[in-house]
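Residues per chain, in single letters:
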Amino acid sequence: MSKDKSRNESPKQPLHVSVQRAIDDFFHQLGDAPVTNLYDMVLAEVERPVIKTVLQQADFKQTKAAYILGLNRGTLRSKIRQYQLDTWIAQQKNNKE
């Protein structure tokens, strides 16, 4: 069964349920290892794929993606640089041609 098909057949659940499960799994995998800067780490782990997905949905139009994300375009550009997504964006655009 394809990934998309299984996603469509599963019952819809709020995003926070998936996030909670992922964080619970993360702590389970850590065991007794100490954790610091969890908040920043979670934001970075979530923000990058959110930006990538929204850019794809917006056909790589940064103004549209910024609008969807509720950011101004300059902030989106900063995050694209922060997560080093410029090369990925260029590759995705080339693949579409």
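A short tour of the structure in this document, coming up. From a predicted model like this one, the values you see are computed outputs, not experimental measurements.

This part is about the nonpolar core. Ile51, Leu55, Ala65, Leu76, Ile80, Leu85 and Ile89 are the most contacted members of the largest nonpolar core, which totals 13 residues. Secondary structure elements with two or more residues in this core: helix 3 (38–57), helix 4 (62–69), helix 5 (73–82) and helix 6 (86–96). Among the elements that take part in this core, helix 3 stands out by supplying three residues, more than any other. If near-sequence neighbours (up to four positions away) are discounted, Ile80 is found in contact with Ile51, Leu55, Gln62, Leu85, Asp86 and Ile89.

The next thing to look at is the pattern of salt bridges. Pairing between side chains of opposite charge can happen when their charged atoms approach one another. On inspection of all chains with the given rule, the structure shows four salt bridges. Between Asp86 and Arg77 there is a salt bridge, with the nearest N and O atoms lying 3.3 Å from each other. Given the relative accessible area of 36%, Asp86 is considered partly exposed. Overlapping salt bridges, with partners in common, bring together Asp59, Lys61 and Lys96 in one network.

Moving on, we get to the packing of helix 3 against helix 6. Put simply, helix 3 and helix 6 touch, their axes get as near as 12 Å, and they point 30 degrees apart. One finds that helix 3 runs roughly parallel with respect to helix 6. As helix 3 packs across helix 6, the resulting crossing turns out to be right-handed. Only Trp88, Ile89 and Gln92 of helix 6 make contact with helix 3, whose side of the interface consists of Lys52, Leu55 and Gln56. Its residues assigned to classes, the contact of helix 3 with helix 6 shows three nonpolar, two polar and one charged.

Right, let's get into the packing of aromatic side chains. Under the defined criterion, the tally for this structure stands at two aromatic pairs. With a centroid separation of 5.8 Å and 75 degrees between ring planes, the pair formed by Phe26 and Phe27 is classed as edge-to-face. Judged by relative accessible area, Phe27 falls into the partly exposed class, the value being 39%.

A separate point is the side chain of Lys79. With respect to the secondary-structure elements, Lys79 resides in helix 5. Residues contacting Lys79, with those up to four places away along its chain left out, are Glu47, Ile51 and Leu71.

Definitions and limits used
Residues numbered from 1 in each chain as written. Predicted model: local features only at pLDDT ≥ 70, side-chain atom pairs only at ≥ 80, totals over all residues. Heavy atoms only, no water. Core = buried A, V, L, I, M, F, W, Y, C linked by side-chain atoms within 4.5 Å. Buried < 20%, exposed > 50% of the residue type's maximum accessible area, 1.4 Å probe, protein only. Helix = DSSP H or I, 4+ residues; strand = E, 2+ residues; numbered from the N terminus. Contact = heavy atoms within 4.5 Å. Salt bridge = Lys/Arg side-chain N within 4 Å of Asp/Glu carboxyl O. Axes fitted to C-alpha atoms, helices over the stretch in contact; angles between N-to-C directions. Parallel < 35°, antiparallel > 145°, perpendicular 65-115°, else oblique. Left-handed = near helix turned anticlockwise from the far one by under 90°. Nonpolar A, V, L, I, M, F, W, Y, C, P; charged D, E, K, R; others polar. Phe/Tyr/Trp six-rings, centres within 6.5 Å; stacked < 30°, edge-to-face > 60°.

All we've got here are geometric facts, nothing functional implied.
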